[in-house]
Amino acid sequence: MNIDFTKNTDGLIPAIIQDSETKTVLMLGYMNAEAYQKTIDTQKVTFFSRSKQRLWTKGEESGNFLELVDIKNDCDGDTLLIQAKPIGPTCHTGADTCWQTENKGDYGFISKLEQTIKTRRENADSEKSYVASLFKLGMNKIAQKVGEEAVEVVIEALDNKDDLFLSESADLLFHYLILLQAKGFELDDVISVLKSRQK
């Protein structure tokens, strides 16, 4: 890896730390060549502390280490993207990240859809909301809808109309996300179970 530590007079380059699983950005630190080498050797992310003017392994005092997973260099060779597994919170304040955000998996549109379902459920008085009306009808109706959509997916899978198959698949996923929330869970909980089965 061709890393250019000479672009800055202090020999430091930025190192962006990202959770290897959730892809959440955890913190930003600075590395010199020695910190980079120690990170490689120990497999624990090590920075050069500008305030202490020495090498500093994240977690050396708190025990909240960042276990190295992968390092990528940018196109200019002067910024690192480090994927790591955090052991405990990353920020010295006790927060998951240095931006005081939760280190939680984000599945893009699906996560937004989960949030929309949650909001509609919380505003259950809305007569215009299909989601709110389902929650009002209760668990039996929600579970029934998932069953109905699953059957429709199977039927369309045996046909050759891909647009109908995809449409029914979308309906099934949507109603399944509703069922998860009705049971007090999120997609993250299901993914955790899948990860635990990984061999």
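Cut-offs and rules
- One numbering rule holds for all chains: residues counted from 1, following each sequence as written.
- Owing to the predicted nature of the model, reporting of local features is limited to residues with pLDDT of at least 70; listing and counting of side-chain atom pairs is limited to 80 or more, with chain, interface and lining totals taken over all residues.
- Side-chain measures were taken over the full set of non-hydrogen atoms in the model, leaving aside hydrogen atoms and water.
- Numbering goes from the N terminus for both helices and strands, where a helix is a DSSP run of H or I of at least four residues and a strand is a run of E of at least two.
- Each radius of gyration is computed over the set of C-alpha atoms, and the globule rule expresses the reference value as 2.2 Å times the number of residues to the power 0.38.
- Three exposure classes are used, based on accessible area relative to the maximum for each residue type with a 1.4 Å probe and protein chains only: buried under 20%, partly exposed in between, and exposed over 50%.
- Throughout, the Shrake-Rupley method with a 1.4 Å probe supplies accessible areas, and for residues the shown protein chains are the sole cover considered.
- Throughout, a residue-residue contact means that at least one pair of heavy atoms, one from each residue, lies within 4.5 Å.
- Whenever a nitrogen or oxygen atom comes within 3.5 Å of another N or O atom, the pair is scored as a polar contact, on the condition that within protein one atom can donate a hydrogen and the other can accept it, and that pairs from neighbouring residues in sequence are kept only if both atoms are in side chains.
- This arc describes the spread of directions from the helix axis toward the C-beta atoms.
- UniProt positions are given in the numbering used here, feature names are shortened, and annotations may be inferred rather than shown by experiment.
- Between the rings of Phe, Tyr and Trp (Trp by its six-membered ring), a pair exists once the centres lie within 6.5 Å; its type follows the angle of the planes, with under 30 degrees stacked, over 60 edge-to-face, and the other angles tilted.
- Here, a charge over a ring is recorded when the distance from Lys NZ or Arg CZ to the ring centre is within 6 Å and its angle to the ring normal is within 35 degrees.

> Go over the overall build of the protein, please, and point to the residues and values.
Across its full length, the protein carries six helices and six strands. Taking 2.2 N^0.38 as the reference for a compact globule, 199 residues should give roughly 16 Å; the C-alpha atoms of the protein span a radius of gyration of 23 Å, well beyond that estimate. Summarising its shape, the C-alpha atoms of the protein cover approximately 65 × 40 × 30 Å along the three principal directions. A burial count over the protein gives 36% of its 199 residues as buried. As presented, the protein carries roughly 12300 Å² of accessible surface, and 53% of it is formed by carbon and sulfur atoms.

> How would you sum up the side chain of Glu149? Please name residues and give values.
Note on placement: Glu149 falls in helix H4 (residues 139–157). In this structure, Glu149 is in contact with Glu168, Asp171, Leu172 and His175, ignoring residues within four places of it in sequence.

> So, the environment of Thr101: which residues are in play, and what are the values?
Within the secondary structure layout, Thr101 lies in the loop between strand S6 (80–86) and helix H2 (109–122). Only 2.8 Å separates the side chain of Thr101 from the side chain of Thr97, close enough to count as a polar contact.

> Got a sec to walk through the side chain of His175? Specific residues and values, please.
Mapped onto the secondary structure, His175 falls in helix H5 (residues 162–182). When residues no more than four places from it in sequence are discounted, the contact partners of His175 are Tyr130, Leu134, Lys145, Val146 and Glu149.

> Which residues make up helix H3 (residues 130–137), and what values go with them?
Every buried residue belonging to H3 is among Val131, Ala132, Leu134 and Phe135, and all of these are buried. Buried residues along H3 cover an arc of 160° about the axis, so they all sit on one side. Every exposed residue of H3 that faces more than 90 degrees away from the buried side is listed here: Lys136 and Leu137. Backbone nitrogen of Val131 and a side-chain oxygen of the N-cap are separated by 3.3 Å at the start of H3; the cap is Ser129. Downstream of H3 by a residue or two, Gly138 has a phi angle that is positive, lying close to 100°.

> Now, about the UniProt feature "domain: Phosphoribosyl-AMP cyclohydrolase" (unreviewed entry) in the protein: what can you tell me, with residues and values included?
With numbering aligned to this structure, UniProt lists the feature "domain: Phosphoribosyl-AMP cyclohydrolase" (unreviewed entry) at residues 27–100. For residues 27–100, the helix share is 14%, the strand share is 38%, and the end-to-end C-alpha distance is 10 Å.

> Break down the packing of aromatic side chains for me, citing the residues and quoting the values.
Counting across every chain of the model gives two aromatic pairs. Looking at Lys44, its charged tip hangs above the ring of Phe65, at a distance of 5.2 Å from the centre.

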